[in-house]
Amino acid sequence: MSDKAKKNKTPFIRLSKKSESMLDPRKAVAIRISSVVVALILGSIPILLTGVNPVKAYGIIVQGSLGNKIYLQQTIKKMIPLLCCALAIGPCFKMRFWNIGAEGQLTAGAIACSAIAIWFGKSSMPSILILSLMFIFAIVAGGIWGFIPGYFKAKYNTNETLFTLMMNYIAIGIAKWLQGGPWEGRKGTQIIPIFDRKTFLPNVLGVHCGWIIVLLIVIIMHYYMTRTKHGFEVAVIGDSENTARYAGMNVGWIMMRTMFLSGAICGIAGFVVVAGANHTLNDVVADGNGFTAITVSWLSQLNSYVMILISALLAIISKGSKTLNQRVGVPASVAEIVSGILLFCMLGCEFFINYEIKFRWSRDKDAKKSASTAEQAKNGSTDGNRSSIPANTSKEAE
Amino acid sequence: MQNCAIELKNIRKTFGPVVANDGINLQINRGEILCLLGENGSGKTTLMNMLSGIYQPDGGEIYADGRKVTIRSPHDAFKNGIGMIHQHYHLVDVFTAAQNIILGLDEAMDIGRVNTRVKEICDRYGFGIDPKMKVYDMSVSQKQTVEIVKVLYRGSEILILDEPTAVLTPQETDKLFAVLRNMRRDNKAIVLITHKLAEVMAVSDKVAILRKGRYIATVNTKETSPGELTDMMVGRAVTLNLDRPKYDNPEDKLVVEGLTVVDREGIKKLNNVSFTARTGEILGVAGIAGSGQKELLESISGLYPVKSGSIKFVNTDKTTVELVGKTPTQIKEIGVGMGFVPEDRLGMGLVGSMGMTDNMMLRSWREGRGLFFNRKKPQDLADRVWKKLDVVTPSTEFPVRRMSGGNIQKVLVGREIASHPPVLLTAYAVRGLDINTSYAIYNLLNDQKMGGSAVMYVGEELDVLMELCDRILVLCDGQVSGIVDGRTATKEEIGLLMTTVGGKEA
Ligand SMILES: Nc1ncnc2c1ncn2[C@@H]1O[C@H](COP(=O)(O)OP(=O)(O)OP(=O)(O)O)[C@@H](O)[C@H]1O
Ligand SMILES: [Mg+2]
């Protein structure tokens, strides 16, 4: 008997995929909002452990990232490369081409425009010309960095995830070598001297004009994906390569083209960081933005406009936690843990939106409910109903 | 009632704005084969999915052996003895039949015992599969058999088969029906979904009819006729006639000579195939499944590499263009349209996540200069196909993946026919379509023919081929075993050609 009961037991927790039609958009929004709330609650644990009041800490994060003009400008500065990389990844992901090489493509772009800044910065060339050259070189270098894995995927069907990841290390390695070798300033410093002022991006409203470039890309990207032939091709390939071929699309070529484009936009991110913010090159120029951008892209479901919101949120946390560190001495690592928790919860909630968790007890409850109603319907007495429940529970207790 | 296995009362199911089922009452009895009949999108699959635990009804009750039950998962369905064979199979390619059968069971993996039990089931009902065979080596019909055995192995008493015959050859269908009759003798309850009325009449005891998601009636097969069933299905008297209009002066349009292709393993799929397709003519292609039909159409449209031979397209001014060596796009520009309906409808030809409009655009997205596409024309085309073929869908933006099987097909065929190509290639164009729509498609093909197209029609049902086609090319094992006149050929003659090449057994 007990043996049999064991066999018939359903697992304690089960997952079931919700069918597309069951998704209620309002519910999805509610789940997303509650995931942020849960993240804030969970995030307060490490903060509490450092002896700081979490409410106060969160206050500082908000105040320290949006509280005054300077903070706001710094937050936006952080947001620019992140948003730019997320936009770049969008078409690749739409195509189901798992490009995780934004980090490297950004670095490649940064290296190329630094080269221009170093070679021509001191020349008599006008600033606008140098900046344009830097821009173009960043695009080409980033594009090539993206094109290479695209080419190998198209021609030899290599694994794009590993390939783009490797390309990251190569680009970062080159930057490191330049930093310690050919472009090093004073021997032994491992630092490349600040570039000439002519290579600085002008400020608009207090922030370098990279933000205008990125906003333009947001709009262009939106139209590119929804209105152009290219965007259509990318969407078809993402759904079914066979169908794309059948419709006469050159899948390999489109892959290479899209990867070039993606790399080029990452290259622009590199240019904006070098010419707008750092004014020098180092091996951490990408600063993890290329990886975080994957999360941003994914969370915004490849919608350009939503990417603005998500990247803003992440920039706020990143900038705010720096302030938190300075003001009340919460270690930077704790702030990182908090933003890790937030990302985890936001990604995790997508899972809850698409899947349903069923506990065994909820199943039994339903089965009982229906069994009892059936019973009731049969003999019309609540008596039989009552007796059936203990019988069931006793079986369950085994 | 003693032999009533499942009873459905007043079942309702909606998907957002779409009412897929409403007020359905159905009785499934032991020892009986019940056919479920209805036009495309009338809710047959949805209804059966509620019995097998894929969907839950929004309203109504399900009784199993007189007990009210809630079926919340396929697992629950199995506990109630219900097993469903879906149209798309869920088998693991690298596993053997036996491994697939016990997959997902909590049972200890005693393969030896499983093999003997599988063998037992096979012998009992007359299946011919080897439990040790790997799935990737199997034909479609063998895979289907594995699915059926899988369901029987779990002790299912109620079997639901969703359009099992759509992918089978007539011979395989006969075999399946023999098995179903054995099961009936074994007092199992069987529900069969099919669009082919001949099959309904041949195998079923009762027929339940759905129309636009509503339940119409259940009738005894013996007391009804195909005509009456069609009328009930459509809701009005329909006359189905197929004629073969004569086109006045046919001209050669496509000249194929010595076409030979090999697959990746180096096996010859087409061997020295030669024929001519003419304007104003429907050229039927008959043959046992896998005799090279697919490769023939794919190589004409440039999707399959050609080893040797030539395919010439004849222009109106009598000049010819060689198609071998051209890309699919170039061939399409020349004017070869392909209405290829593969076994996997969504894998090739349509984009499941997009709506009708975007799927229409797959044909025309390149048109016009500049970066942006023009959505006006595909939108118009989608509207036209929607109306002309009665596609059941809430809007032209509704993802085609979520439409019913037959409606997905209508979108595909509708698009291909719409471009009025000089050469129209169709394969299994009516697979999974209800009878009314099938005839609509046949008539559209006739329209194409009378408009001067050379139409190639790869089909399965010999009756239709003989009624519709002017000439029938018979393929056997990649070779042309004969080209016969559709007006004079007999079924026996074609049947013989299908299994023999050049007079000797293949
Ligand atoms: N997951 C879903 N989401 C939204 N609508 C759906 C879904 N599944 C089915 N439908 C709709 O429900 C209706 C009935 O579909 P169903 O697949 O049951 O038809 P069917 O009778 O099996 O047709 P066919 O013979 O063409 O296979 C269709 O209009 C279809 O568009
Ligand atoms: Mg169906």
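Residues numbered from 1 in each chain as written. Chains lettered and ligands numbered in written order. Predicted model: local features only at pLDDT ≥ 70, side-chain atom pairs only at ≥ 80, totals over all residues. Heavy atoms only, no water.

1. A few points about the overall build of chain B
Thinking step 1. Assigned secondary structure in chain B consists of 16 helices and 22 strands.
Thinking step 2. Relative to the 2.2 N^0.38 estimate, which gives 23 Å for 506 residues, the radius of gyration of chain B is 24 Å and therefore close to what a compact globule would have.
Thinking step 3. Principal-axis analysis of the C-alpha atoms gives chain B an extent of 75 × 50 × 50 Å.
Thinking step 4. Counting across all 506 residues of chain B, residues that qualify as buried make up 55%.
Thinking step 5. Partitioning the intrachain contacts of chain B with sequence separation of at least 6 by distance along the chain shows that 66% fall at a separation of at least 24.
Thinking step 6. About 21,300 Å² of surface is accessible on chain B, with carbon and sulfur atoms providing 49% of the total.
Thinking step 7. Put simply, chain B has 63 plus and 62 minus side-chain charges, and the middle of one group is 3 Å from the middle of the other. (Helix = DSSP H or I, 4+ residues; strand = E, 2+ residues; numbered from the N terminus. Rg over C-alpha atoms; globule rule 2.2 N^0.38 Å. Buried < 20%, exposed > 50% of the residue type's maximum accessible area, 1.4 Å probe, protein only. Contact = heavy atoms within 4.5 Å. Areas by Shrake-Rupley, 256 points an atom, 1.4 Å probe, with all protein chains shown as cover. Lys, Arg positive; Asp, Glu negative; His and termini not counted. Charge placed at Lys NZ, Arg CZ, Asp CG, Glu CD.)

2. Considerations on the site of ligand 1
Residues and elements named next belong to chain B.
Thinking step 1. Around ligand 1 sit 22 residues in total, of which Lys 44, Thr 45, Thr 46, Ser 404 and Gly 406 are the nearest.
Thinking step 2. For ligand 1, an oxygen atom lies 3.3 Å from a polar atom in the backbone of Ser 42.
Thinking step 3. Taking Gly 43, its main chain carries an N or O atom lying 2.9 Å from an oxygen atom of ligand 1.
Thinking step 4. For ligand 1, whose free accessible area comes to 630 Å², the fraction covered by protein is 94%.
Thinking step 5. A per-class count over the shell around ligand 1 returns seven nonpolar, 11 polar and four charged.
Thinking step 6. Residue-level mapping places the shell around ligand 1 at the junction of two domains, with at least three residues from each of domain 1 (4-234) and domain 3 (345-418). (Near = heavy atom within 4 Å. Polar contact = N/O pair within 3.5 Å; in protein donor to acceptor, adjacent residues only side chain to side chain. Nonpolar A, V, L, I, M, F, W, Y, C, P; charged D, E, K, R; others polar. Domains from an automatic or database assignment.)

3. Quick notes on the nonpolar core
Thinking step 1. One finds Phe127(B), Met183(B), Tyr457(B) and Ile494(B) to be the most contacted residues of the largest nonpolar core, which totals 93 residues.
Thinking step 2. The residues contacting Met183(B), other than those within four sequence positions of it, are Tyr125(B), Phe127(B), Ile148(B), Leu152(B), Leu159(B), Lys188(B) and Ile190(B).
Thinking step 3. Counting 89 residues, the second-largest nonpolar core is a separate cluster that includes Met79(A), Ile116(A), Met225(A) and Val273(A). (Core = buried A, V, L, I, M, F, W, Y, C linked by side-chain atoms within 4.5 Å.)

4. Some remarks on the packing of helix 4 (residues 111-125) of chain B against helix 5 (residues 140-153) of chain B
All names here are of chain B.
Thinking step 1. Packing of helix 4 against helix 5 leaves a shortest axis separation of 10 Å and a crossing angle of 105°. By the angle between their directions, the pair helix 4 and helix 5 is classed as roughly perpendicular. Residues Val 114, Arg 117, Val 118, Ile 121, Cys 122 and Tyr 125 of helix 4 form the contact with helix 5, whose own contacting residues are Val 149, Leu 152 and Tyr 153.
Thinking step 2. Tallied by class, residues from the contact of helix 4 with helix 5 come to eight nonpolar, no polar and one charged. (Axes fitted to C-alpha atoms, helices over the stretch in contact; angles between N-to-C directions. Parallel < 35°, antiparallel > 145°, perpendicular 65-115°, else oblique.)

5. Side note on the packing of aromatic side chains
Thinking step 1. If you walk through the whole model with that rule in mind, you get 13 aromatic pairs over all chains.
Thinking step 2. Judged by centre distance (6.0 Å) and plane angle (65°), the rings of Phe232(A) and Phe373(B) are edge-to-face. Here Phe373(B) lies in the loop between helix 11 (356-364) and helix 12 (376-388) and Phe232(A) lies in helix 9 (residues 229-239), a pairing that spans two chains. Phe373(B) shares its class with Phe232(A); the two are buried.
Thinking step 3. Between Phe15(B) and Tyr55(B) the ring centres are 5.0 Å apart and the planes differ by 70°, which places this aromatic pair in the edge-to-face class. (Phe/Tyr/Trp six-rings, centres within 6.5 Å; stacked < 30°, edge-to-face > 60°.)

6. Focus on a nonpolar patch on the surface
Residue and element names in this part refer to chain A.
Thinking step 1. Judged by side-chain polarity, Ile 136, Phe 137, Val 140, Ile 144 and Phe 260 come together as a nonpolar surface patch covering roughly 410 Å² of accessible area.
Thinking step 2. With four residues, helix 6 (residues 127-156) is the single largest residue contributor to the nonpolar patch.
Thinking step 3. By the secondary structure assignment, Ile 144 is in helix 6.
Thinking step 4. Of the residues examined, Ile 144 reaches a relative accessible area of 40% and is grouped as partly exposed. (Patch = residues over 30% accessible without salt bridge, like charges linked within 9 Å, V, L, I, M, F, W, Y side chains within 5 Å. Salt bridge = Lys/Arg side-chain N within 4 Å of Asp/Glu carboxyl O.)

7. A short note on helix 5 of chain B
Residues and elements named next belong to chain B.
Thinking step 1. Here helix 5 spans 20 Å end to end across 14 residues, near enough to the 20 Å set by a 1.5 Å rise per residue.
Thinking step 2. The buried fraction of helix 5 is high, at 11 of 14 residues.
Thinking step 3. For helix 5, the full list of buried residues reads Ser 141, Gln 144, Thr 145, Val 146, Glu 147, Ile 148, Val 149, Lys 150, Val 151, Leu 152 and Tyr 153.
Thinking step 4. Looking at the packing, one finds that the buried side of helix 5 touches strand 6 (82-85), helix 3 (97-102), helix 4, strand 7 (158-162) and helix 6 (170-185).
Thinking step 5. Within two residues after helix 5, Gly 155 carries a phi angle of roughly 75°, on the positive side. (Expected span 1.5 Å × (residues − 1).)

8. Remarks on the sheet that holds strand 15 (residues 320-322) of chain B
Residues and elements named next belong to chain B.
Thinking step 1. An order of 12-11-14-15 is seen for the four strands of this open sheet, with the pairing classed as antiparallel. Two strands in the sheet have a free side with no partner beyond their single neighbour: strand 12 (268-278) and strand 15. On average, each strand axis in the sheet is tilted by 20° relative to the strand beside it, whichever way the strands run.
Thinking step 2. Both strand 11 (residues 252-262) and strand 12 contribute to a ladder of seven bridges, which runs antiparallel. Looking at strand 12, one finds that Asp 252 is bridged to Arg 278. (Pairing = 2+ DSSP bridges.)

9. Quick notes on the pairing of strand 3 (residues 32-38) of chain B
Residues and elements named next belong to chain B.
Thinking step 1. Of all seven residues making up strand 3, seven are buried, and the element is well covered by its neighbours.
Thinking step 2. Covered by surrounding structure in strand 3 are Glu 32, Leu 34, Leu 36 and Gly 38 together with Ile 33, Cys 35 and Leu 37, the residues of both alternating faces.
Thinking step 3. Examined bridge by bridge, strand 3 and strand 9 (residues 206-211) share five bridges and lie parallel to one another. Bridge pairing in strand 9 places Gly 38 opposite Leu 210.

10. Some thoughts on the pattern of salt bridges
Residues and elements named next belong to chain B.
Thinking step 1. Under the counting rule described, the total for this entry stands at 31 salt bridges over all chains.
Thinking step 2. A salt bridge links Arg 375 to Asp 358; the shortest N-O distance between them is 3.2 Å. Of this pair, Arg 375 sits in the loop between helix 11 and helix 12 while Asp 358 sits in helix 11, placing them 17 residues apart in sequence.
Thinking step 3. The class of Asp 358 is buried, set by a relative accessible area of 16%.
Thinking step 4. When the shortest N-O distance is used, the salt bridge between Glu 416 and Arg 363 registers 2.8 Å. One end of the pair, Glu 416, is in helix 13 (residues 405-418); the other, Arg 363, is in helix 11, with 53 residues separating them in the sequence.
Thinking step 5. For Glu 416, a relative accessible area of 1% puts it in the buried group.

11. Examining helix 3 (residues 54-66) of chain A
Residue and element names in this part refer to chain A.
Thinking step 1. In a regular helix each residue adds 1.5 Å, so 13 residues correspond to 18 Å; helix 3 covers 18 Å between its end C-alpha atoms and thus fits that length.
Thinking step 2. Those residues of helix 3 that sit buried are Pro 54, Ala 57, Tyr 58, Ile 60, Ile 61, Gly 64 and Ser 65. Buried residues in helix 3, looked at end-on, bunch into an arc of 155°, giving them a common side.
Thinking step 3. Residue Asn 53 occupies the N-cap position of helix 3, its side-chain oxygen lying 3.0 Å from the main-chain nitrogen of Val 55. (Arc of directions from axis to C-beta.)

12. A closer look at the domain arrangement of chain B
All names here are of chain B.
Thinking step 1. Each assigned domain of chain B is listed with its residue range as follows: domain 1 (4-234), domain 2 (248-337 + 421-434 + 454-506) and domain 3 (345-418).
Thinking step 2. On a C-alpha basis, the centres of domain 1 and domain 2 stand 35 Å from each other.
Thinking step 3. Contact residues are listed per partner, giving 10 residues for domain 1 and eight residues for domain 2.
Thinking step 4. Taking both partners together, domain 1 and domain 2 bury about 790 Å²; carbon and sulfur atoms supply 52% of that area.
Thinking step 5. Put simply, domain 1 and domain 2 have zero salt bridges between them.
Thinking step 6. Linking domain 1 with domain 2 are one residue pair in polar contact (both at pLDDT 80 or more), by the criterion used here.
Thinking step 7. A class-by-class count of the residues in the side of domain 1 that touches domain 2 yields three nonpolar, four polar and three charged. (Buried area = accessible area lost by both parts, 1.4 Å probe.)

13. Things to note about the confidence of the model for chain A
Thinking step 1. Scored by pLDDT, chain A comes out at a mean of 82, with 83% of its residues at no less than 70.
Thinking step 2. Mean pLDDT across the elements of chain A bottoms out in helix 16 (residues 382-397) of chain A (34) and peaks in helix 11 (residues 251-278) of chain A (95). (pLDDT = per-residue confidence, 0-100.)

14. A word on the packing of helix 6 of chain A against helix 7 (residues 160-180) of chain A
All names here are of chain A.
Thinking step 1. Orientation of helix 6 relative to helix 7, taken along the N-to-C sense of each, is 150°, at an axis distance of 10 Å. Classed by the angle they form, the pair helix 6 and helix 7 counts as roughly antiparallel. The hand of the helix 6/helix 7 crossing is right-handed. Across the interface between the two elements, Trp 145, Ile 148, Pro 149, Phe 152 and Lys 153 from helix 6 touch Glu 160, Phe 163, Thr 164, Met 167, Ile 170, Ala 171 and Ile 174 from helix 7. (Left-handed = near helix turned anticlockwise from the far one by under 90°.)

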